[in-house]
Amino acid sequence: MRKPLIAGNWKMNKTIQEAVDFANEVKGLVPDRSKVDSIICAPALFLDRLLAAVDGYNVHIGAQTMHYEESGAFTGEISPAALEDLGVSYCIIGHSERRDMFNETDESVNKKTAAAFRHNIKPIICVGETLEQRERNETKGHVANQVSKALQGLTEEQVKQLIIAYEPIWAIGTGKSSTAEDANEVCGHIRQVVESSYSGSAAQSVKILYGGSVNPGNIDELMAKPEIDGALVGGASLDPHSFLRLLEAAANG
Ligand SMILES: O=C(CO)COP(=O)(O)O
């Protein structure tokens, strides 16, 4: 059995004070870590304060991106070594917004994934198709290609610890979620890609999340699907009550 996982992706929202207030409000109410992995992926500026705020509670703190080099002349970038030193345990890699607006490629996603493992950071790799690709029936091929390229060179042990988030781009921030059936089918396809590139046991260990307009109203049917191990949540993770409802749904599902 794979433990469910809910990761909030705050994107570029909140001030430090709002972030700390959120952490203080939810931390004592977050379900036990034996039932669900609860993660907040916050802007880099807040990570240190959030880690201090949730210390000793069931909340993990993640970053939203990082560089693949440890240090050097990369103005404005975030070092994986510095994230590790802070105690950050997860990082989103290759979110579609970063692929679209900040020149992330399959190659940089692959390098960042390897760098995350070098620094004891669990990567949450994002994949997903555009509306045009979906309409052309290219979803599975596109997603399989993104996954294969992201995983190149990883060991089976690393793949077992991996988190892959299937986020159809047309469902992000639109209020138009994929149906649970469709999401389950694509997540199952991703698992098959892992199986054929690695092994059945790697495929059974890798966690596959759905993301795109997840909210307290649709989390139950998504979590009920066998291939969906959790959710990567944008808008609905910004409100403490709605974030807690998602965590409870995953913990009790
Ligand atoms: O991009 C997302 C999470 O990474 C999804 O965002 P929404 O939940 O706001 O659709």
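Rules behind the numbers
- Residues numbered from 1 in each chain as written.
- Predicted model: local features only at pLDDT ≥ 70, side-chain atom pairs only at ≥ 80, totals over all residues.
- Heavy atoms only, no water.
- Buried < 20%, exposed > 50% of the residue type's maximum accessible area, 1.4 Å probe, protein only.
- Helix = DSSP H or I, 4+ residues; strand = E, 2+ residues; numbered from the N terminus.
- Arc of directions from axis to C-beta.
- Contact = heavy atoms within 4.5 Å.
- Salt bridge = Lys/Arg side-chain N within 4 Å of Asp/Glu carboxyl O.
- pLDDT = per-residue confidence, 0-100.
- Core = buried A, V, L, I, M, F, W, Y, C linked by side-chain atoms within 4.5 Å.
- UniProt positions renumbered as here; feature names shortened; annotations may be inferred.
- Near = heavy atom within 4 Å.
- Polar contact = N/O pair within 3.5 Å; in protein donor to acceptor, adjacent residues only side chain to side chain.
- Areas by Shrake-Rupley, 256 points an atom, 1.4 Å probe, with all protein chains shown as cover.
- Nonpolar A, V, L, I, M, F, W, Y, C, P; charged D, E, K, R; others polar.
- Pairing = 2+ DSSP bridges.
- Axes fitted to C-alpha atoms, helices over the stretch in contact; angles between N-to-C directions.

Quick word on helix H2 (residues 47–54)
Right, so step 1: For H2, every residue scored as buried is listed here: Leu47, Leu50, Leu51, Ala53 and Val54. Viewed end-on, H2 has its buried residues packed into an arc of 165 degrees, placing them on one side of the element.
Right, so step 2: Of the surrounding elements, those touching the buried residues of H2 are helix H1 (16–26), strand S3 (59–63) and helix H3 (80–86).
Right, so step 3: Immediately beyond the C-terminal end of H2, within one or two residues, lies glycine 56, with a positive phi of roughly 90 degrees.

Focus: the side chain of serine 237
Right, so step 1: With respect to the helices, strands and loops of the structure, serine 237 is situated in the loop between strand S8 (230–233) and helix H12 (240–252).
Right, so step 2: A relative accessible area of 0% places serine 237 in the buried class.
Right, so step 3: Apart from the residues lying within four places of it in its own chain, the contact partners of serine 237 are Gly8, Asn9, Trp10, Phe22 and Phe243.

Points about the pattern of salt bridges
Oppositely charged side chains can pair when the atoms bearing their charge come close.
Right, so step 1: Using the criterion set out here, one finds 16 salt bridges in the structure.
Right, so step 2: With a shortest N-O distance of 2.9 Å, glutamate 138 and arginine 136 are connected by a salt bridge.
Right, so step 3: By relative accessible area, arginine 136 is classed as exposed at 51%.
Right, so step 4: Put simply, glutamate 185 and lysine 140 hold a salt bridge, and the shortest N to O gap is 2.8 Å.

Quick word on the confidence of the model for the protein chain
Right, so step 1: Residues of the protein chain with pLDDT of at least 70 account for 100%, and the chain-wide mean is 97.
Right, so step 2: Taken together, the chains of this predicted complex give a pTM of 0.97 and an interface ipTM of 0.99.

Some words on the nonpolar core
Right, so step 1: Counting residues in each nonpolar core, the largest one holds 70 residues, and the members touching the most others are Ile6 and Leu151.
Right, so step 2: Not counting the four nearest positions on each side in its chain, leucine 151 is found in contact with Asn110, Ile125, Val159, Leu162, Val194 and Tyr198.

Re the UniProt feature "active site" (unreviewed entry) in the protein chain
Right, so step 1: This chain's UniProt record puts "active site" (unreviewed entry) on His95 and Glu167. Of the residues just listed, which span 73 residues, no C-alpha pair is farther apart than 8.5 Å, and they cluster in one region.
Right, so step 2: Turning to its location among the elements, histidine 95 is positioned in the loop between strand S4 (90–93) and helix H4 (96–101).
Right, so step 3: For histidine 95, a relative accessible area of 4% translates into the label buried.

What to know about the site of the ligand
Right, so step 1: Near the ligand there are 13 residues, and of these Lys11, His95, Gly173, Ser213 and Gly235 occur at the shortest range.
Right, so step 2: Interatomic distance of 3.0 Å between a side-chain N/O atom of asparagine 9 and an oxygen atom of the ligand.
Right, so step 3: Within the backbone of serine 213, one N or O atom sits 2.8 Å away from an oxygen atom of the ligand.
Right, so step 4: Out of a free accessible area of 310 Å², the ligand has 94% covered by protein chains.
Right, so step 5: When grouped by side-chain class, the residues that make up the shell around the ligand number 4 nonpolar, 7 polar and 2 charged.

Overview of H1
Right, so step 1: Of the residues making up H1, those classed as buried are Ala19, Val20, Phe22, Ala23 and Val26. Buried residues along H1 cover an arc of 155 degrees about the axis, so they all sit on one side.
Right, so step 2: On the buried face of H1, the contacting elements are strand S2 (37–41), H2 and H12.

A closer look at the sheet that holds S3
Right, so step 1: On the basis of which strands lie adjacent, the closed barrel formed by 8 strands has the order S1-S2-S3-S4-S5-S6-S7-S8 and parallel pairing. Ignoring which end each strand starts from, the neighbouring axes of this sheet average 25 degrees apart.
Right, so step 2: Both strand S6 (residues 163–166) and strand S7 (residues 207–211) contribute to a ladder of 4 bridges, which runs parallel. Its bridge partner lying in S7, tyrosine 166 is registered against tyrosine 210.
Right, so step 3: In the packing of helix H5 (residues 106–118) onto the sheet, the strands contacted are S4 and strand S5 (122–127), and the crossing angle to S5 comes to about 160 degrees.

Structural notes on the UniProt feature "binding site: substrate" (unreviewed entry) in the protein chain
Right, so step 1: Here the UniProt feature "binding site: substrate" (unreviewed entry) sits at Asn9, Trp10, Lys11, Gly173, Ser213, Gly234 and Gly235. Their sequence span is 227 residues, while the largest C-alpha to C-alpha distance among them is just 13.9 Å; these annotated residues converge on one region.
Right, so step 2: For serine 213, the position within the fold is in the loop between S7 and helix H11 (219–223).
Right, so step 3: Classification of serine 213 as buried rests on a relative accessible area of 16%.

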